[in-house]
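Here's the letter readout for the chains.
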Amino acid sequence: MAEGEVTGHKHRITEAKAELYEQDSTLYLRVFSKSALLAHEEHKAISIPQGDWMVKIQREYEPEGWRYVAD
């Protein structure tokens, strides 16, 4: 789904039937199976239930302002 800017590690969907699509400049994940696993090299896999999900890039606040989280 997304590649880390710093480490190059990737978030990817495993063990599921799912698709990634864009609508009105927003990225979505559609999970067709009962659930999907979102895997990444640096943390435990996350189970995502069936349905349509908006994909967002996580941000964090620093004294200089908001920035996107870099893997």
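Structure's up top.
Summarised in this report is the structure supplied together with it.

Conventions adopted
- Residues numbered from 1 in each chain as written.
- Predicted model: local features only at pLDDT ≥ 70, side-chain atom pairs only at ≥ 80, totals over all residues.
- Heavy atoms only, no water.
- Salt bridge = Lys/Arg side-chain N within 4 Å of Asp/Glu carboxyl O.
- Helix = DSSP H or I, 4+ residues; strand = E, 2+ residues; numbered from the N terminus.
- Buried < 20%, exposed > 50% of the residue type's maximum accessible area, 1.4 Å probe, protein only.

### Quick word on the pattern of salt bridges
Consideration 1: The final tally for this structure, using the stated rule, is two salt bridges.
Consideration 2: Residue Glu-19 pairs with Arg-30 through a salt bridge whose shortest N-O separation is 3.3 Å. Here Glu-19 is found in strand E3 (residues 18–23), whereas its partner Arg-30 is found in strand E4 (residues 26–40), with 11 residues between them in sequence.
Consideration 3: Note on Glu-19: relative accessible area 31%, which makes it partly exposed.
Consideration 4: Linking Asp-52 and Arg-30 is a salt bridge whose minimum nitrogen-to-oxygen distance equals 2.6 Å. Taken together, the positions of Asp-52 in strand E5 (residues 43–54) and Arg-30 in strand E4 put the pair 22 residues apart, joining distant regions of the chain.
Consideration 5: The class of Arg-30 is partly exposed, set by a relative accessible area of 27%.
Consideration 6: When salt bridges that share partners are traced, they join Glu-19, Arg-30 and Asp-52 into one network.

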